[in-house]
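Observations on the model geometry
Here are the chains, one letter per residue:
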Amino acid sequence: MTSPLPRPFLPFEMERWQSTWEHRVEINLSESGVHPLSTRELLEIGRSTAGDEVEALSRSLLDLRHEYGQSNGSDRLRARIAALYPGADPAGVVVTQGGAEANLVSLWRLLEQAGDWAALLPTYMQVPGLVRNLGGTLHPVRLRESAGWQPDPDEVEATFRAGARVLLVTNPNNPTGAVIEAERMEAIVASAARHGSWIVADEVYSGAELDGDPTPTVFGQYPRVICTHSLSKAYGLPGLRLGWAISSPEMAADLWARTDYTSIAPATLSDALATLALEPSIRSGVLKRTRSILNANRALFGEWVDSLEGRARFHPPEAGAIALVNYRAQVPSMEIAERLRADFGVLVVAGSHFGLEGTLRLGFGNPAEELQEGLDRIGTLLRSYDSGTSTPPHGAPS
Ligand SMILES: Cc1ncc(COP(=O)(O)O)c(C=O)c1O
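Conventions we followed
Residues numbered from 1 in each chain as written. Predicted model: local features only at pLDDT ≥ 70, side-chain atom pairs only at ≥ 80, totals over all residues. Heavy atoms only, no water. Near = heavy atom within 4 Å. Polar contact = N/O pair within 3.5 Å; in protein donor to acceptor, adjacent residues only side chain to side chain. Areas by Shrake-Rupley, 256 points an atom, 1.4 Å probe, with all protein chains shown as cover. Helix = DSSP H or I, 4+ residues; strand = E, 2+ residues; numbered from the N terminus. Axes fitted to C-alpha atoms, helices over the stretch in contact; angles between N-to-C directions. Parallel < 35°, antiparallel > 145°, perpendicular 65-115°, else oblique. Left-handed = near helix turned anticlockwise from the far one by under 90°. Contact = heavy atoms within 4.5 Å. Buried < 20%, exposed > 50% of the residue type's maximum accessible area, 1.4 Å probe, protein only. Arc of directions from axis to C-beta. Salt bridge = Lys/Arg side-chain N within 4 Å of Asp/Glu carboxyl O. Expected span 1.5 Å × (residues − 1). Pairing = 2+ DSSP bridges. Domains from an automatic or database assignment. Buried area = accessible area lost by both parts, 1.4 Å probe.

Quick word on the site of the ligand
Taken together, 15 residues are adjacent to the ligand, and Gly99, Asp202, Tyr205, Ser230 and Ser232 come closest. Here Gly99 contributes a backbone N or O atom positioned 2.7 Å from an oxygen atom of the ligand. One of the side-chain nitrogen or oxygen atoms of Tyr205 is found 2.7 Å away from an oxygen atom of the ligand. Here the ligand, which alone exposes 400 Å², has 95% of that area covered by the protein. A total of four residues in the shell around the ligand trace back to one element, the largest contributor, which is helix α5 (residues 98–111).

Right, dumping it as structure tokens:
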């Protein structure tokens, strides 16, 4: 008997692009979260409202022993996370290395019972790429700009009828920044319930809504749900590599059994800082900072698009520091991204990484001056295509 040949490995194109270049360019507009906080800034946010807790942590920080921490997250941290979800039990929380590990262990656990996955696309391509790499089948449910990037629940139902038994929902969405309307989400949950399917809800952008109206979590709406989240986007703390999955205590126990294999435990220092960041008054201070960066920069971004006089347009995002820009030039998005990186020192994400040729994903969470400079450089390149006929049209070989 011969074993089946492994499928060719599908790289995670966007992450590869970012991890290769993000620290080697002058201006990084490839990020989807707000400008990260320093430890000092985090402590300062907490000082006015939770002074005692901040003082206690800052006194103990230098003596913090870098032992292995509680491997599914400290009890205090899991209690603070559970308090963010209606009716949640801290035993249902597993703290992970970012949302990425939360997604990985959820996928690993659910792939054991279902190889057929549906995903609302476009999305962050981690889970779709892993489903394919690990031998599963992906049923795409395409979101369209003409529908405001809203999913059609009938199309989701069709994938369940075709055999999908897990649905990936990224809400708010990356790269569109759209939030799914409540009635549509209810219809999707009802559809999953009819088929006994699981939902993996990647909610890492919740808390980063521009209008401050939190995106309702799917947790608590239906039992067969795993929600994943992290401090990377709304909280501006991606370097802590601190995320979580929340589900029933039974499912959380299964996920924890898998993090024993993947990372053992969250970093002790990250657990301590995350516990502080999720203290209710500090959390609201952090999210307020996020909203104020997003709204100020979103205005600047809108002015920039207007100044391009039709060379670019965008669907205004509702959450996250990302805008999906459709550009007019007949040039492949990867070619533009590469020119921007190599000749202009600006890193952006090519829409082709999401299967959306003719678009770029631009982060707008940077300090305002840096953002303005980056956008000006992008504008210079987009204007330069006005007369150019030397570049190939979308998708054409060069
Ligand atoms: C939708 C989504 N999920 C998960 C992640 C992973 O982020 P992290 O591991 O930093 O939480 C990202 C990062 O861009 C993302 O966009």
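Quick notes on the packing of helix α7 (residues 153–161) against helix α8 (residues 182–195)
In the contact formed by α7 and α8, the axes pass within 9 Å of each other and the chain directions differ by 15°. It follows that α7 is roughly parallel to α8 by the angle criterion. Viewed along their axes, α7 and α8 form a crossing whose handedness is right-handed. In contact with Pro153, Val156, Glu157, Phe160 and Arg161 of α7, α8 contributes Arg184, Ala187, Ile188, Ser191, Ala192, Arg194 and His195.

Here we look at helix α2 (residues 39–47)
Taken residue by residue, α2 has Leu42, Leu43 and Gly46 as its buried positions. Around the axis of α2, the buried residues are gathered within 95° of arc, so they sit on the same side. For α2, the elements touching its buried residues are α3 (51–61), α10 (268–277) and α11 (280–307).

Concerning the side chain of Gln18
Inspection of the secondary structure puts Gln18 in helix α1 (residues 13–21). Sequence-distant contacts of Gln18, defined by excluding residues within four places in its chain, comprise Ser30, Glu31, Leu347, Val349 and Arg361.

Remarks on the pattern of salt bridges
In total, this model carries 18 salt bridges according to the counting rule given. In this structure, Glu155 and Arg144 form a salt bridge, with 3.3 Å as the shortest nitrogen-oxygen distance. Of the two residues, Glu155 sits in helix α7 while Arg144 sits in the loop between β4 (137–142) and α7, which places them eleven residues apart along the sequence. Residue classification places Glu155 among the partly exposed residues on the basis of a relative accessible area of 25%. Two residues, Asp386 and Arg311, come together in a salt bridge whose shortest N-O distance is 2.7 Å. Remark: Arg311 occurs in the loop between α11 and β9 (312–314) and Asp386 occurs in the segment after α13 (368–384); sequence separation between them is 75 residues.

Considering helix α9 (residues 249–262)
For α9, built from 14 residues, the straight-helix expectation of 20 Å at 1.5 Å per residue is met to within 8% by its first-to-last C-alpha distance of 20 Å. Listed in full, the buried residues belonging to α9 are Met251, Ala252, Leu255, Arg258 and Thr259. Down the axis of α9, the buried set is contained in an arc of 120°. They therefore lie on one face. Of the exposed residues in α9, the ones pointing more than 90 degrees away from its buried face are Glu250 and Tyr261. Turning to α9, the residues buried within the fold contact β2 (93–96), α5, β6 (198–202), β7 (225–230) and β8 (243–246).

Structural notes on the sheet that holds strand β10 (residues 322–327)
Spatially, four strands are ordered β9-β10-β13-β12 in an open sheet, and the strand pairing comes out antiparallel. Where the open sheet ends on each side, the last strands, each with one partner, are β9 and β12 (349–350). As paired elements, β9 and β10 share three bridges and run antiparallel to each other. Each residue of the ladder has a partner; that of Ala312, found in β10, is Tyr327.

Re unusual backbone geometry
In the segment running from Asn171 into Pro172, the intervening peptide bond is cis, with an omega of -5°. Along the chain, Pro172 turns up in the loop between β5 (166–170) and α8. In this chain, Asn174 is followed by Pro175 through a cis amide linkage whose omega measures 20°. For Pro175, the position within the fold is in the loop between β5 and α8. Within the chain, Ile264 stands out as a residue other than glycine whose phi angle is a positive 70°. By secondary structure assignment, the location of Ile264 is in the loop between α9 and α10.

Digging into the domain arrangement of the protein
If you check the domain split of the protein, you get domain 1 (13–39 + 283–382) and domain 2 (65–282). Summarising the inter-unit geometry, the C-alpha centres of domain 1 and domain 2 are found 24 Å apart. With 31 residues of domain 1 at the contact, the number on the domain 2 side is 37 residues. Where domain 1 abuts domain 2, roughly 2,800 Å² becomes buried across the two surfaces, and 58% of that area is made up of carbon and sulfur atoms.

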